[in-house]
Amino acid sequence: MESILTTEQRNSVLFTMAELVRKEQKDILEANALDMSGFDQNDLAMYDRLKVDQEKIDGMILSLQQLAQQEDPIGVERFHFKHESGLDVYNKTASFGTVMIIYESRPDVTIEAGGIAFKSGNKILLKGGKEALNSNLAIVNLWHKALDKNGISKDWVTYLNYDRKQTRTFLKNPDQKIDLIIPRGGERLIEFVKDNATCPVIVSGRGNNFVFVDKEADTEKALEIIINAKTAKISACNALDKVLIDKNFPDYDGFVKELIRKLKDFDVEIMGGKGFNDFEGVKTITDELIWYEEFLDYKIVLGEVSSAQEAVRMINKYGGGHSASIVTENKNEADFFLEAVDAAAVYHNASTRFTDGFQFGLGGELAISTDKLHQRGPIGLQHLVTNKWYVYGNGQIR
């Protein structure tokens, strides 16, 4: 594999890939239809992630075009220091080398992850789930065509068609140097990778996102934010799972009843903690462990708190470290919440559904990290780099 590709070479491959996806989208759709025909539709979240339609094809093309138009993330100067000896010391961004991503179901990740990794000068190893094999192979075939058309080795994008046992063996004893692994999927997948990997792992963790309705919340804002965050896309890791409501909220009963009515319009299963036993349509929680769960389904848990401080304590205890939102007209309460909640993205009067690389202006994402090293939240093109020190001298010794 070539160790260095110019910005122009990488951009050319991305534009070529975008054109190939447009021209040969029928092959992708037919391959995806094969995958869909053998999939259990009872798993709504996985089914939604697996499906490729025209909207997703258009998104793939747009993602590639936007990546090609973004500034090169490699070689960006972060620091410059002139040493007393005359040495010029620079710190610049540099590619990792080889990045591996292990993911479930989503064929669009084969485009997005491949594009972000390639643009940032990294070789990418793609390990998708067996449920999306036909779709992934069709897309990787296009990656290889795009590389070939530009006279670049196909080794820059490699698909690992491994079963679980083969994947474990590869993680424990890879046949090539791997610099970074990103698991993107459920908790079982993440634990599997962390238990077996021998190189750094960035966890693209669970959601289990919270909205806190403060006593000074605007009722309409609160209702719209909760319904959007819960029902717009249940398969997304930025979807809402838990709602905490300040018991001092004016017309508390009226607000809860209206919230239940709106959630029922979307057939959401509603569960409630202490204080919700008397509300019709709410199932009583029988296992407190449910507060830790990410649902990826039409399910939600309602809880009652006495203050923003109590809400923060609950979110920091049970939340997945992904996203949390406060609905309030009190700026001081909002500022306290945003600073105190331990999550990758915190919101004031907005839906958690915005935690996304595209929405945050990154032009897509490799994953959404709930780790704190080396990047938190959406990992975009700018973040899939490490750094390197460049020292220029004229014979200096120490």
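Read on for a plain summary of the structure.

Residues Met17, Val21, Leu126, Leu366 and Leu384 are the most contacted members of the largest nonpolar core, which totals 45 residues. Mapped by element, the contributors of at least two residues to this core are helix 1 (7-23), helix 4 (54-69), strand 3 (98-103), helix 5 (108-119), strand 4 (123-127), helix 6 (133-149), strand 5 (157-159) and strand 6 (180-184). Formed by 27 residues, the second largest nonpolar core is a distinct cluster that contains Ile245, Leu259, Val268 and Ile270.

Taken together, the side chains of Phe79, Phe81, Trp389 and Val391 make up a nonpolar region of the molecular surface, amounting to roughly 420 Å² of accessible area. Secondary structure elements with two or more residues in the nonpolar patch: strand 1 (77-82) and strand 16 (385-392). Tracing the sequence through the fold places Phe79 in strand 1.

This part is about helix 1. Here helix 1 contains 17 residues, and its C-alpha end-to-end distance of 24 Å stays within 8% of the 24 Å for a straight helix at 1.5 Å per residue. Here helix 1 has its buried residues at Arg10, Asn11, Val13, Leu14, Thr16, Met17, Ala18, Leu20 and Val21. Where the residues of helix 1 are buried, they touch helix 2 (25-37), helix 4, helix 5 and helix 6.

With the rule as written, the count across this model stands at 17 salt bridges. Residues Asp179 and Lys177 are paired through a salt bridge, measuring 2.3 Å at the closest nitrogen-oxygen approach. The exposure class assigned to Asp179 is buried, which follows from its relative accessible area of 18%. We classify Lys177 as exposed; its relative accessible area is 61%. Lys221 is paired through a salt bridge with Glu329; the nearest N and O atoms lie 3.0 Å apart. Of the two residues, Lys221 is situated in helix 9 (residues 219-231) and Glu329 in the loop between strand 12 (323-327) and helix 12 (331-340); the sequence distance between them amounts to 108 residues. Connected through salt bridges with shared partners, the residues Glu258, Arg261, Lys262 and Asp265 form a single ionic network.

Here we come to the packing of helix 9 against helix 10 (residues 252-265). The geometry of helix 9 relative to helix 10 is characterised by a closest axis approach of 11 Å and an angle of 30 degrees between their N-to-C directions. When the axes of helix 9 and helix 10 are compared, the pair comes out roughly parallel. The element helix 9 and its partner helix 10 pack so that their crossing is right-handed. Packed against helix 9, whose contacting residues are Thr219, Ala222, Leu223, Ile226, Ile227 and Lys230, the element helix 10 presents Phe255, Glu258, Leu259, Lys262 and Leu263 at the interface. Per-class residue counts for the contact of helix 9 with helix 10 are 7 nonpolar, 1 polar and 3 charged.

Taken in spatial order, the 3 strands make up an open sheet running 1-2-16, and their pairing is antiparallel. The sheet terminates laterally at strand 1 and strand 16, the two strands that pair on one side only. With direction set aside, neighbouring strand axes in the sheet form an average angle of 20 degrees. Alignment of strand 2 (residues 88-95) against strand 16, held across 8 bridges, turns out to be antiparallel. Bridged to Ser95 within strand 16 is Val385.

This part takes up a positive patch on the surface. A surface patch of positive charge is lined by Arg164, Arg168, Lys172 and Arg188. In terms of residues, the positive patch owes the most to one element, helix 7 (residues 164-172), which gives 3 residues. Take Arg164: it is sitting in helix 7.

On to unusual backbone geometry, then. Cis geometry is found at the peptide bond from Leu373 to His374, where omega equals -5 degrees. Looking at where His374 falls in the secondary structure, it is placed in the loop between strand 14 (367-369) and strand 15 (377-379). One non-glycine residue, Asn349, lies in the positive phi region at around 55 degrees. Topologically, Asn349 is positioned in the loop between strand 13 (345-348) and strand 14. Asn349 gets classed as partly exposed once you look at its relative accessible area, which sits at 23%.

Glancing now at the pairing of strand 8 (residues 240-246). Moving residue by residue along a regular strand, the side chains alternate between the two faces of the sheet. The element strand 8 is largely enclosed, with a buried count of 7 among its 7 residues. Direction of pairing for strand 7 (residues 209-213) relative to strand 8: parallel, over a ladder of 5 bridges. Of the residues in strand 8, the one forming a bridge with Phe210 is Lys242. A crossover connection joins strand 7 to the parallel strand 8 through helix 9; in handedness this β-α-β unit is right-handed.

Attention now goes to the pairing of strand 1. In the sheet, strand 1 pairs with strand 2 via 5 bridges, with the strands oriented antiparallel. The residue bridging Lys82 from the neighbouring strand is Asp88, located in strand 2. Following strand 1, the chain reverses through 5 residues before pairing antiparallel with strand 2; Gly86 in that reversal takes a positive phi of roughly 100 degrees.

Attention shifts here to the sheet that holds strand 5. What the 4 strands build is an open sheet, ordered 5-4-3-6; its pairing is parallel. At either end of the open sheet lies a strand with only one pairing partner, and these are strand 5 and strand 6. For this sheet, the mean angle separating the axes of adjacent strands, direction not counted, is 20 degrees. With 5 bridges joining them, strand 3 and strand 4 adopt parallel strand pairing. From the neighbouring strand, Val99 faces strand 4, where its bridge partner is Ile124. In this fold helix 5 packs onto strand 3, strand 4 and strand 6, with an angle of close to 160 degrees to the strand it touches most, strand 4. The strands touched by helix 7 are strand 3, strand 4 and strand 6; relative to strand 3, the strand with the most contacts, the crossing angle is about 150 degrees.

Analysis parameters
- Residues numbered from 1 in each chain as written.
- Predicted model: local features only at pLDDT ≥ 70, side-chain atom pairs only at ≥ 80, totals over all residues.
- Heavy atoms only, no water.
- Core = buried A, V, L, I, M, F, W, Y, C linked by side-chain atoms within 4.5 Å.
- Buried < 20%, exposed > 50% of the residue type's maximum accessible area, 1.4 Å probe, protein only.
- Helix = DSSP H or I, 4+ residues; strand = E, 2+ residues; numbered from the N terminus.
- Patch = residues over 30% accessible without salt bridge, like charges linked within 9 Å, V, L, I, M, F, W, Y side chains within 5 Å.
- Areas by Shrake-Rupley, 256 points an atom, 1.4 Å probe, with all protein chains shown as cover.
- Salt bridge = Lys/Arg side-chain N within 4 Å of Asp/Glu carboxyl O.
- Expected span 1.5 Å × (residues − 1).
- Contact = heavy atoms within 4.5 Å.
- Axes fitted to C-alpha atoms, helices over the stretch in contact; angles between N-to-C directions.
- Parallel < 35°, antiparallel > 145°, perpendicular 65-115°, else oblique.
- Left-handed = near helix turned anticlockwise from the far one by under 90°.
- Nonpolar A, V, L, I, M, F, W, Y, C, P; charged D, E, K, R; others polar.
- Pairing = 2+ DSSP bridges.
- Lys, Arg positive; Asp, Glu negative; His and termini not counted.
- Charge placed at Lys NZ, Arg CZ, Asp CG, Glu CD.
- Right-handed = clockwise from strand over helix to strand, strands pointing away.

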